[in-house]
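Each chain, letter by letter, is given below.
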Amino acid sequence: MSFFNSTSFRFIHIAVVLVAAGFSLYSGNLQAQQVAPYLKNKNYGIQLGMYDLFTSTQADVIMLGNSLTYNANWNEILNRSNIANRGIASDITSGYLHRLEYVYRLKPRICFIEGGVNDLYSNDSVRNIIRNYVGIIDSLQSHYVVPVIQSTLFVAAKYPQAREKNKQTQTLNNWLRNMPGSTRSSFSISMCLSQRTAFFATILPMMESTSTPRATHCGLPRLGAFWRNTNCETVQRAKPESS
C-alpha cells in the first residue's frame, strides 16, 4: 500500500483541509472586524452614491448629521433655497469626519453639526466622540467654513439604557459647550461669519417619557422649530457675502 492511499495520509489531508478552512474563516472574521464602524451602516454607501448624482454645486448652509438631520426638509423649515441636507440615517461622528469632502464640494459658509447619540449606542466612548468632533471642527475651519455645533439630543426614559446614555450625553454636551474657542448659543449668523469661530447651541432639554421606539425622533419637529423660531431668524435673512 502506498503512503498516499494510507489511513495516515487521509488523516493528514483532512487535517490540512480543516486548518485551511479555519484560517479562511478567521481571516474573514478579522476583515469584518477591521471594517470601519460607519461603513457597516447600509445607508452610508447609498447616500454617498446619491451625493455623487446630485447636481448642486453650491450651498451657503450645510446640515450635517444623522437621521434627525436627514429626515427634515431644511429649506422648507427655514424658508430658504440654499441649504443642503447632508444627514445620513444611523450615521456616527466618525462617518461625518470621513465624508467632509461632500461638504466642501458645495463651498458652504456655515455647517450645522448634529450627532453623537448613535455613537453612544454603538458603545463608543465620549472621548472618541470628542476626538471626532475636534477633527470635524478643525477641518471645517481650515476650509473657512463656520461650524455650529448642536447639542446632542437626550433619549426618552423608556429607551434602552436611557439613564446611562443620557449621562454620557450630558458629559459630551458639557465638553462641547465649553470647548476652547467656542461661543454659546446666543449668536447671529453674521457674527459667525465675521468671527469664523465654532458656535454651540443647546437645542432641547431632557425629553419626556414616551413609548415611541426611537424617542429622539419625537424631537425632530421641535428641533426644526428651534432653528426656525430662535437663532435661525438670522439664518433666514443671511445673504451670501459679495466676492
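Our subject is the structure that appears above.
If you're wondering where the values come from, they're calculated on a predicted model, not measured in any experiment. (Residues numbered from 1 in each chain as written. Predicted model: local features only at pLDDT ≥ 70, side-chain atom pairs only at ≥ 80, totals over all residues. Heavy atoms only, no water.)

Draft legend 1. Main features of a nonpolar patch on the surface. Residues Ile46, Met50, Leu53 and Phe54 make up a contiguous nonpolar surface patch of roughly 400 Å² in combined accessible area. Tracing the backbone through its elements, the reader meets Met50 in helix α2 (residues 42–53). Classification of Met50 as partly exposed rests on a relative accessible area of 35%. (Patch = residues over 30% accessible without salt bridge, like charges linked within 9 Å, V, L, I, M, F, W, Y side chains within 5 Å. Areas by Shrake-Rupley, 256 points an atom, 1.4 Å probe, with all protein chains shown as cover. Salt bridge = Lys/Arg side-chain N within 4 Å of Asp/Glu carboxyl O. Helix = DSSP H or I, 4+ residues; strand = E, 2+ residues; numbered from the N terminus. Buried < 20%, exposed > 50% of the residue type's maximum accessible area, 1.4 Å probe, protein only.)

Draft legend 2. Looking closely at the packing of helix α8 (residues 126–142) against helix α9 (residues 162–178). At a minimum axis distance of 10 Å, the contact between α8 and α9 shows a crossing angle of 35°. You can see that α8 and α9 cross each other, and the crossing is right-handed. Two secondary-structure elements touch here, α8 through Val126, Ile129, Ile130, Tyr133 and Val134 and α9 through Gln168, Thr171, Leu172, Trp175 and Leu176. When the residues that make up the contact of α8 with α9 are grouped by side-chain class, the tally is eight nonpolar, two polar and no charged. (Axes fitted to C-alpha atoms, helices over the stretch in contact; angles between N-to-C directions. Left-handed = near helix turned anticlockwise from the far one by under 90°. Contact = heavy atoms within 4.5 Å. Nonpolar A, V, L, I, M, F, W, Y, C, P; charged D, E, K, R; others polar.)

Draft legend 3. The arrangement of the pattern of salt bridges in detail. Summed over the entire model, instances satisfying the criterion amount to three salt bridges. Close ionic contact of Glu101 with Arg105 constitutes a salt bridge, the shortest N to O distance being 3.8 Å. Given the relative accessible area of 45%, Glu101 is considered partly exposed. Residue Arg105 is classed as partly exposed on the basis of its relative accessible area of 40%.

Draft legend 4. Just the side chain of Gln47, in detail. Of note, Gln47 is situated in helix α2. Aside from chain neighbours lying at most four places away, what touches Gln47 is Tyr70, Gly87 and Ile88.

Draft legend 5. Broad picture of α9. The end-to-end C-alpha distance of α9, which contains 17 residues, comes to 24 Å, matching closely the 24 Å that a straight helix rising 1.5 Å per residue would cover. Every buried residue of α9 is listed here: Ala162, Lys165, Asn166, Thr169, Leu172, Asn173, Leu176 and Arg177. Projected onto a plane normal to the axis of α9, the buried residues spread over an arc of 130° and lie on a single side. Opposite the packed face of α9, turned more than 90 degrees from it, sit the exposed residues Arg163 and Lys167. (Expected span 1.5 Å × (residues − 1). Arc of directions from axis to C-beta.)

Draft legend 6. The packing of aromatic side chains, seen in detail. What the rule picks out here adds up to four aromatic pairs. For the ring pair Tyr51 and Tyr102, a centre distance of 5.5 Å and an interplane angle of 55° mean the geometry is tilted. Residue Tyr51 is located in helix α2, and its partner Tyr102 is located in helix α6 (residues 101–104); the two are separated by 51 residues in the primary sequence. Since its relative accessible area comes to 5%, Tyr51 is described here as buried. Where Tyr121 meets Tyr159, the ring centres are 5.0 Å apart and the plane angle is 80°; that geometry is what we call edge-to-face. In this pair, Tyr121 is assigned in helix α7 (residues 117–121) and Tyr159 in the loop between β4 (146–150) and α9, connecting sequence segments 38 residues apart. Of the residues examined, Tyr121 reaches a relative accessible area of 22% and is grouped as partly exposed. One residue, Lys165, lies across the ring of Tyr121, its end atom 5.6 Å from the ring centre. (Phe/Tyr/Trp six-rings, centres within 6.5 Å; stacked < 30°, edge-to-face > 60°. Lys NZ or Arg CZ within 6 Å of the ring centre and 35° of its normal.)

Remember, this is a structural readout, not a statement about activity or role.
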